Amino acid sequence: MDNVFLFSSVYLALLMILSLYRGIFGPTVADRMIGVNAIGSKTTVVLILIGLMYHRLDMFVDIALAYALLNFIAVLAASRYFQKCKGLYDES
Amino acid sequence: MNIIVSLLLLAALFFFTAGLIGILRFPDFYSRLHPAGKLDALGVLLGMTALGLYNFNDFSLGTLINGFKILLIVVFVFLASPTATHAIVDAGVRAGLTPWVKGDERR
């Protein structure tokens, strides 16, 4: 069962690298926020997988909960900040 | 038990992959929010269900607390993911991004 968790987390890391494309090359700032939000919601699952692999779930579940909260706060603060600035228009 | 956990985890990976393809391939900012908002929440639900079930292999007070915290993560993601999506689309509307119509070039 450890192999299933290991391959799942490697595959999720691959998906995170691919969705970093939208975070780097997105045409507007909002596209970048979408990419970062997708990475953060995958990271909570990866943290629980790491906790099950190392048999220390009681520690990693707290880290995953805090990471979910932090991801939500970061996206909310960034979107509230960029709607007052003019940075959301097309940069190209 | 292991087969159920593996199938749920595989379904979660499938939904994450579908959301990623939607984020990468859709032509517009507003249409990209659609897979990003829905499929990530569904992937988190299925993955957390699988890992919470595997957590209850040996039943004790510690695993019960861990299962409760995993349930708390799922409830929080189901509250927070639509809120974050709505905040992003609100920022886009207020900044004046125009939606993509048929015939425009892909952005």
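Cut-offs applied
- Residues numbered from 1 in each chain as written.
- Chains lettered and ligands numbered in written order.
- Predicted model: local features only at pLDDT ≥ 70, side-chain atom pairs only at ≥ 80, totals over all residues.
- Helix = DSSP H or I, 4+ residues; strand = E, 2+ residues; numbered from the N terminus.
- Buried ≥ 20, exposed ≤ 12 C-beta atoms within 10 Å, placed from the backbone.
- Contact = placed C-beta atoms within 7 Å.
- Rg over C-alpha atoms; globule rule 2.2 N^0.38 Å.
- pLDDT = per-residue confidence, 0-100.
- Expected span 1.5 Å × (residues − 1).
- Core = buried A, V, L, I, M, F, W, Y, C linked by C-beta atoms within 7 Å.
- Nonpolar A, V, L, I, M, F, W, Y, C, P; charged D, E, K, R; others polar.
- Axes fitted to C-alpha atoms, helices over the stretch in contact; angles between N-to-C directions.
- Parallel < 35°, antiparallel > 145°, perpendicular 65-115°, else oblique.

> What is the right way to look at the overall build of chain A in this model?
When you go through chain A residue by residue, the secondary structure sums to three helices and zero strands. Mapped from its N terminus to its C terminus, chain A presents α and β elements in the order α-α-α. For chain A, with 92 residues in total, the buried portion stands at 41%. Taking the contacts inside chain A whose residues are at least 6 apart along the sequence as the reference set, 54% of them involve residues at least 24 apart.

> Explanation requested: the overall build of chain B in the structure shown.
Per the secondary structure count, chain B includes three helices and zero strands. Traced from its N-terminal end to its C-terminal end, chain B shows the element sequence α-α-α. Scaling as 2.2 N^0.38, a compact globule of 107 residues should have a C-alpha radius of gyration of about 13 Å, whereas chain B reaches 18 Å, well beyond that. Out of the 107 residues in chain B, the part that is buried amounts to 37%. Restricting the contact set of chain B to residue pairs at least 6 apart, pairs at least 24 apart contribute 66%.

> Which parts of the structure should I look at to understand the confidence of the model for chain B?
Segments scoring low in pLDDT should not have their predicted coordinates read at a detailed level. In this model, chain B carries a mean pLDDT of 88, and residues with pLDDT of at least 70 account for 99%. Model confidence for the complex: the whole-complex pTM is 0.88, and ipTM, which rates the interface, is 0.86.

> Can you help me understand helix α2 (residues 29-55) of chain B in this one?
Three- or four-residue spacings in an α-helix give side chains the same orientation, since the helix completes a turn every 3.6 residues. Its 27 residues give α2 of chain B an end-to-end C-alpha distance of 38 Å, which sits within 8% of 39 Å, the value for a rise of 1.5 Å per residue. With 19 of 27 residues buried, α2 of chain B lies mostly within the body of the structure.

> Would you mind going over the nonpolar core with me for this structure?
Soluble, globular proteins show a tendency: their nonpolar side chains are buried together. Formed by 50 residues in total, the largest nonpolar core has its most connected members in Ile34 and Ile48 of chain A together with Ala50, Leu51 and Ile88 of chain B. Breaking this core down by element, the ones donating at least two residues are α1 (2-25), α2 (29-53) and α3 (57-82) of chain A together with α1 (2-25), α2 and α3 (61-95) of chain B. Every residue in contact with isoleucine 48 of chain A, bar those within four places of it in the chain, is listed here: Phe60, Val61 and Ala64 of chain A together with Met48, Leu51 and Ile70 of chain B.

> Could you clarify how one ought to interpret the interface of chain A and chain B in this entry?
By convention, interface size is frequently given as the accessible area that disappears when the constituent parts associate. Taken together, the 41 residues of chain A in the interface contact 41 residues of chain B. When residues of the side of chain A that touches chain B are traced back to their parent elements, those giving at least two are α1, α2 and α3 of chain A. The biggest single contributor to the side of chain A that touches chain B is α2 of chain A, with 14 residues. For the side of chain A that touches chain B, a count of residues per class yields 27 nonpolar, nine polar and five charged.

> Just to check I follow, could you spell out α1 of chain A for this structure?
With 24 residues, α1 of chain A extends 35 Å between its outermost C-alpha atoms, agreeing within 8% with the 34 Å of an ideal straight helix rising 1.5 Å per residue. For α1 of chain A, every residue scored as buried is listed here: Phe5, Ser8, Leu12, Leu15, Ser19 and Arg22 of chain A. Buried residues along α1 of chain A sit against α2 of chain A together with α1 of chain B.

> I keep staring at the environment of valine 44 of chain B and nothing clicks. Help me out?
All names here are of chain B. Positionally, valine 44 belongs in helix α2. For valine 44, a count of 25 C-beta atoms within 10 Å gives the class buried. Spatially, the C-alpha atom of valine 44 lies 9.1 Å from that of phenylalanine 78, the residues being 34 residues apart in sequence.

> What is the right way to look at unusual backbone geometry in this model?
Keep in mind that most residues, glycine aside, have a negative phi and that most peptide bonds are trans. Residues and elements named next belong to chain A. Within the chain, histidine 55 stands out as a residue other than glycine whose phi angle is a positive 60°. Position of histidine 55 relative to the elements: it lies in the loop between α2 and α3. Since 8 C-beta atoms lie within 10 Å of it, histidine 55 is described here as exposed.

> Is there a simple way to explain the packing of α2 of chain B against α3 of chain B in this structure?
To characterise two packed helices, one gives the angle between the axes of the helices and the distance between these axes. Residues and elements named next belong to chain B. With their axes 10 Å apart at the nearest point, α2 and α3 run at an angle of 180° to one another. By the angle between their directions, the pair α2 and α3 is classed as roughly antiparallel. Across the contact of α2 with α3, the residue classes tally to 17 nonpolar, nine polar and one charged.

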